[in-house]
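Fold and geometry: a report
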Amino acid sequence: MIIVTGATGNVGRTLVRTLVEQGHAVTAVSRKITTSDVPPGVRTLAADLARPAADLPSPDAVFLLVGGDLMMTGDPEQVVAQFAGAGRIVLLSSQGVATRPDSLSHGRAFAAFEQAVMASGAEWTILRPGGFASNSYAWAPSVKASRTVAAPFGDVGLPLIDPDDIAAVAAVTLTRPDHAKAVYELTGPELITPRQRVAAIAEAIGEPLTFVDQTRQAARELMLAFMPAPVADTTLDILGTPTAREQTVSPDVQKILGRAPGSFPAWARRNAAAFR
């Protein structure tokens, strides 16, 4: 049996479906989850990993997602200890462990969870994605309301990854034995700028969109409504002044899946309904 935490998110939802289609028994875990969130026959468990739960089952493998509050305030050893006895743990970490090691939000916090997983006694694999294509969902309200998108650093490119590719890599590393003690960086196939992303969304929905250049300060003020200041500041640093490594296309998705990672235009076409 495989536990998937963060099972209602952009990666977890696809991962649950993929594992079920492959014939694996899955327990889907999220803070607020119901049977309507998962395919038929999947066990659901509403749990907050920051509060140890006695009813977590003993799994063969665990997909561990530690984003948000858990990443910033959770005790890594306590969180990982809830899966004692698991044969394998695949941790969804962050590229920031390598590129922003001094950043509390993008480097040090994830590094602490990596260390806890590595010390757990289970076989482990670490996945370090860069930026997600699905972050573009934040533009959906303005696209729907006014056919505009305001964003900073309009001409700075990053190799954003499709969350479905992260899920596909996770499914492989959870179920095959030849990825133990491996650390993979996951990116998309090419650099794409915010301006180019907006053009791809416009093509996907068949409507013209206007890109509005936004100042860093204006973007920061909006981000502070839903994320702590250190997270906002580091995120803006990555978006505006990425390191060479953050702009490098990794070969790891191709190596694991035997195919190139999906492009942002393909992601936009598949998710066009969110912007109409």
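This report concerns the structure included in the present document. Note that residues are indexed from 1 along each chain, following the sequence as it is written. Predicted model: local features are reported for residues with pLDDT of at least 70 only, side-chain atom pairs are reported and counted for 80 or more only, and whole-chain, interface and lining totals are derived from all residues. The side-chain values count all of the structure's non-hydrogen atoms but skip hydrogen atoms and water molecules.

This paragraph deals with the packing of helix α9 (residues 216-223) against helix α10 (residues 229-240). Note on geometry: axes are lines fitted to C-alpha atoms, helical ones only across the stretch in contact, with angles between N-to-C directions running from 0 to 180 degrees. Elements are defined by DSSP. Helices are runs of H or I of four residues or more, strands are runs of E of two residues or more, and each kind is numbered from the N terminus. It is the contact of α9 with α10, at a shortest axis distance of 10 Å, that shows an interaxial angle of 140°. With respect to each other, α9 and α10 are oriented oblique. In this structure, α9 meets α10 at a crossing whose hand is right-handed. Where α9 abuts α10, its residues R216, A219, R220 and M223 lie against A229, A232, D233, T235, L236 and D237. Broken down by class, the residue content of the contact of α9 with α10 amounts to 5 nonpolar, 1 polar and 4 charged. These descriptions rest on fixed angle ranges, namely under 35 degrees for roughly parallel, over 145 for roughly antiparallel, 65 to 115 for roughly perpendicular, and the rest for oblique. Left-handed is the label given to a crossing in which the near helix is rotated counterclockwise from the far helix by less than a right angle, and right-handed is the label when the rotation is clockwise. Contacts are residue-level and defined by heavy atoms, with any inter-residue pair within 4.5 Å sufficient. The classification used treats Ala, Val, Leu, Ile, Met, Phe, Trp, Tyr, Cys and Pro as nonpolar, Asp, Glu, Lys and Arg as charged, and all other residues, Gly among them, as polar.

Now for unusual backbone geometry. The phi dihedral of R147 is positive, around 55°, even though this residue is not glycine. Relative to the helices and strands, R147 resides in the loop between α6 (140-146) and β7 (148-151). With phi around 55°, F153 is a residue other than glycine that occupies positive phi space. Secondary-structure assignment places F153 in the loop between β7 and α7 (163-175). A residue is classified by how much of its surface remains accessible, and F153, at 24% relative accessible area, is partly exposed. Only protein chains enter the accessibility calculation, which uses a 1.4 Å probe; a residue is then buried when its area is under 20% of its type maximum, exposed when over 50%, and partly exposed in between.

Next up on the list: the sheet that holds strand β2 (residues 26-30). Here, a strand pair is defined by DSSP locating no fewer than two bridges between the strands. Spatial ordering of the open sheet is given by β3-β2-β1-β4-β5-β6-β8, a layout of 7 strands whose pairing is parallel. Edge strands, defined here as strands with exactly one partner in the open sheet, are β3 (43-46) and β8 (182-186). Direction aside, neighbouring strands of the sheet carry axes that sit 15° apart on average. Where strand β6 (residues 123-129) meets β8, 5 bridges bridge the pair, whose relative direction is parallel. Residue pairing in the sheet places T125 in a bridge with A182 of β8. The sheet strands contacting helix α1 (residues 12-21) are β1 (2-5), β2 and β4 (61-65), and the helix crosses β1 at an angle near 160°. Here α7 sits on the sheet and contacts β1, β4, β5 (88-92), β6 and β8; the angle it forms with β5, its principal contact strand, is near 160°.

The next thing to look at is α10. In this scheme, a helix's expected span is set at 1.5 Å multiplied by one less than its residue total. Compared with the 16 Å implied by 1.5 Å per residue over 12 residues, the 16 Å span of α10 between its first and last C-alpha is a close match. Buried within α10 we find V231, A232, T234, T235, L236, I238 and G240.

All right, on to the environment of T18 then. Along the chain, the position of T18 falls in helix α1. A residue is classified by how much of its surface remains accessible, and T18, at 19% relative accessible area, is buried. Measuring from C-alpha to C-alpha, the distance between T18 and A168 comes to 7.5 Å, with 150 residues separating the pair along the chain.

Next up on the list: α1. All of the buried residues along α1 are G12, T14, L15, V16, T18 and L19. Turning to α1, the residues buried within the fold contact β1, β2, β4 and α7.

Our focus in this paragraph is the environment of T235. Looking at the element boundaries, T235 is found in helix α10. In this structure, T235 is in contact with H106, M223 and M227, ignoring residues within four places of it in sequence.

The next point concerns the packing of α1 against α7. Between α1 and α7, the least distance of the axes is 9 Å, while the angle of their chain directions is 45°. One finds that α1 runs oblique with respect to α7. Of the two possible hands of crossing, α1 and α7 adopt the one that is right-handed. When α1 is examined against α7, the residues T14, L15, T18 and L19 are found in contact with a partner set consisting of D164, A167, A170, A171, L174 and T175.

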